[in-house]
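Each chain, letter by letter, is given below.
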Amino acid sequence: MTDRRINAKWWKSSTIYQIYPSSFMDSNGDGIGDLPGILSKLDYIKSLGVDAVWISPFYQSPNKDQGYDISDYQMPDPRYGSMEDVDAIIKGCHDRNMKIIFDLVINHTSDQHRWFQESRKSKDNPYRKYYIWRPARYINGERRPPTNWQATFGGSAWEWDETTEEYYLHAFLIEQPDLNWEDAEVRQAIYKEAILFWLDKGIDGFRIDVSSFYSKHEFVDVPIKKPEQYVQPGGDTFMDGPRLKEFLVEMQRETFSKYDSVTLAEMPGTRTLEDKLEFVGESSKRFSMAISFDLASIDHGGHENYFLMWKPYDLKEAKRITEAEQLLSGPKTDGWTLTYLENHDQARCISRFMNDSPEHRVISGKTLAMYLLTLSGTPIIYQGQELGMINVPKEWPESDYLDPQSWMFMRDIRDDIKHGVKSITEQEAFKSLQIVARDHARVPMQWSNEKLAGFSSGDKTWMRVNDSYKEGINVAEEEKEKNSVLNFYKSLLAFQKEHSDSLIFGEHRGIEAENEHTMQFFKKSFDGETLFVALNFSGDKQKISLPDGTTELLMSSSISTDDEGVLQPYEGRIYRI
């Protein structure tokens, strides 16, 4: 077996903290988080014990999809700040011995990007080839899109353009036309403008948005699931096309390989271990690691036609997914895994996987932290996760949900009901939003119990503040509270570094696979240290059998640990064997 510590890259022993710029810290009172706000909180981020900062898009954008519709890759949006502010953050992170990672959105641009503005002018414009254009087809004399594909957020994946009388492809919003990766000149322009520019400025890598979408499949219709309409669901048509791996090898060779950089590839789609290694194995020469969706989507898809429809998750399935992901960092592969419970695309983990009631929120947050930070690989902590932030209250009306994915989901439900499709009710759909909508992660960060959670000095914020900041879920209060979720994260991150040989680089072995209430596993280092982790995901006490050779309890998420072989509701423990 290979000792994974030997010649390990810096990112293998790092914990990454993700920032969502518009919701992190507002420095000028306009209600929108900004770059100076991020700069002002770098000392706080450093105090957590993390090693790298990932900042979601802050580039110039019309903001139709919260910055994931970029109109200029090389300019910060004025609402966030200036290039001087970006440079200050890069320097500020490096001065504090933290790495800095930016978001890379290159499957599509905004329809306001100069490339697309040129592309739509005429069919012979030099930029026409930068995007995917196709003529209409006619069915019974009626104009139809080139295929019946549905976009990821609903509606047709094709948009008619009157100027040149053709359709362009958009896997996401109408305002996010897909780039044409099939053209070599286009790829080189992407590398130069969106990647090399920032690596030359000194950043340490990228989180790469929908990296499996660059190569499309043949433009043919998907099977009909909804006979009453032309547009049909079938999102896998956008991903894992025949030239994807070729494109990724080229991108790595032309850009990332020239720097000591990290790549966190967002890769939708369920994959085998062998397939994952083709993307994140060192010999594959594609990515450092990948953000997979198996665990993050475990409570999605309660209806075959609606991805956002909530369903209760199964802990046995969660354990199976965890075991499969841990194999990527196992001693028999050359891959590496990335672990996370929250990001800007996921609701709050306590509300989804544990219990967010006042009685159980704190211990639930601590135990989920223990799950995340005892797994092998590189973990990501999303802003507010370290506080145990929870979903917005169920009393919030639908109008407070601002994410395009949320309102397009509700639109599609209403449209199906209108057309007599046997579906779900609006009430059932909204209940799903209350649990899994992306909006829950995008509310402003909770810094104090002052007005607007200390996020802004103004009178209004771009998105409503979660009132839970008044209940002690904020940085100022939790820093003072010895047993807070925040202070537990700090202690656990220090513990993780102290035991990195077993927790980060060690071999993972799960037990009790069929237990519906607890998750239990061993972590064994190459030098012989063995730790035993036991996590209770239920609201009842759970008896566990301590392994032979157990010597001491090293850490618990509960204040009281009187029962040696019994976990309290939602408690997690780490033992030394």
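See above for the structure.
Remember, predicted model here, so these are calculated numbers, not experimental data.

**Looking at the sheet that holds strand 18 (residues 530-536)**
Here comes step 1: The strand order 16-17-18-22-20 describes an open sheet built from 5 strands, whose pairing is antiparallel. Sheet topology places strand 16 (507-511) and strand 20 (552-556) at the edges, where each strand pairs with a single neighbour. Neighbour-to-neighbour, the strand axes of the sheet open up by a mean angle of 25 degrees, direction not taken into account.
Here comes step 2: In terms of strand pairing, strand 17 (residues 518-524) meets strand 18 through 7 bridges, oriented antiparallel. Across the sheet, M519 pairs through a bridge with L535, a residue of strand 18.
Here comes step 3: Running over the sheet, helix 8 (residues 315-326) touches strand 16 and strand 17 and is turned about 15 degrees from strand 17.

**Quick notes on the pattern of salt bridges**
Here comes step 1: Counted under the stated rule, the structure contains 48 salt bridges.
Here comes step 2: Close ionic contact of R243 with E182 constitutes a salt bridge, the shortest N to O distance being 2.9 Å. In this pair, R243 sits in the loop between strand 11 (205-208) and helix 6 (244-254) while E182 sits in the loop between strand 10 (166-169) and helix 5 (184-200), placing the two residues 61 residues apart along the sequence.
Here comes step 3: For R243, a relative accessible area of 24% translates into the label partly exposed.
Here comes step 4: The exposure class assigned to E182 is partly exposed, which follows from its relative accessible area of 39%.
Here comes step 5: The structure contains a network of salt bridges with shared partners spanning D65, D345, D403, R438 and R442.

**A few points about empty space enclosed by the protein**
The gaps of empty space that remain are located by a probe, the size of a water molecule, rolled over the atoms.
Here comes step 1: In the structure shown here, the tally under the stated rule is 4 cavities of 30 Å³ or more.
Here comes step 2: Of the voids in this model, the largest cavity is the one considered here, and its volume is about 140 Å³.
Here comes step 3: What lines the largest cavity is a set of 13 residues, and nearest its centre among them are L295, E325, L338, T339 and Y340.
Here comes step 4: The set of elements that each furnish at least two residues to the lining of the largest cavity consists of helix 8 and strand 14 (338-340).
Here comes step 5: For the lining of the largest cavity, the element with the highest residue contribution is helix 8, accounting for 4 residues.
Here comes step 6: Tallied by class, the residues present in the lining of the largest cavity amount to 7 nonpolar, 4 polar and 2 charged.
Here comes step 7: For the second largest cavity, the full set of lining residues is M267, G269, R271, K276, F279, V280, A290, I291, S292, D294, E325 and L328.
Here comes step 8: Counting residues per element, the ones that place at least two in the lining of the second largest cavity are helix 7 (273-280) and strand 13 (289-291).
Here comes step 9: Counting residues per element, the lining of the second largest cavity draws most heavily on helix 7, at 3 residues.

How each quantity is defined
Residues numbered from 1 in each chain as written. Predicted model: local features only at pLDDT ≥ 70, side-chain atom pairs only at ≥ 80, totals over all residues. Heavy atoms only, no water. Pairing = 2+ DSSP bridges. Helix = DSSP H or I, 4+ residues; strand = E, 2+ residues; numbered from the N terminus. Axes fitted to C-alpha atoms, helices over the stretch in contact; angles between N-to-C directions. Contact = heavy atoms within 4.5 Å. Salt bridge = Lys/Arg side-chain N within 4 Å of Asp/Glu carboxyl O. Buried < 20%, exposed > 50% of the residue type's maximum accessible area, 1.4 Å probe, protein only. 1 Å grid on protein atoms, 1.4 Å probe; cavity = no way out; pocket = protein on both sides within 12 Å on 5 of 7 lines; lining within 4 Å. Points joined across faces, edges and corners; volume = space filled by probe spheres on them. Nonpolar A, V, L, I, M, F, W, Y, C, P; charged D, E, K, R; others polar.

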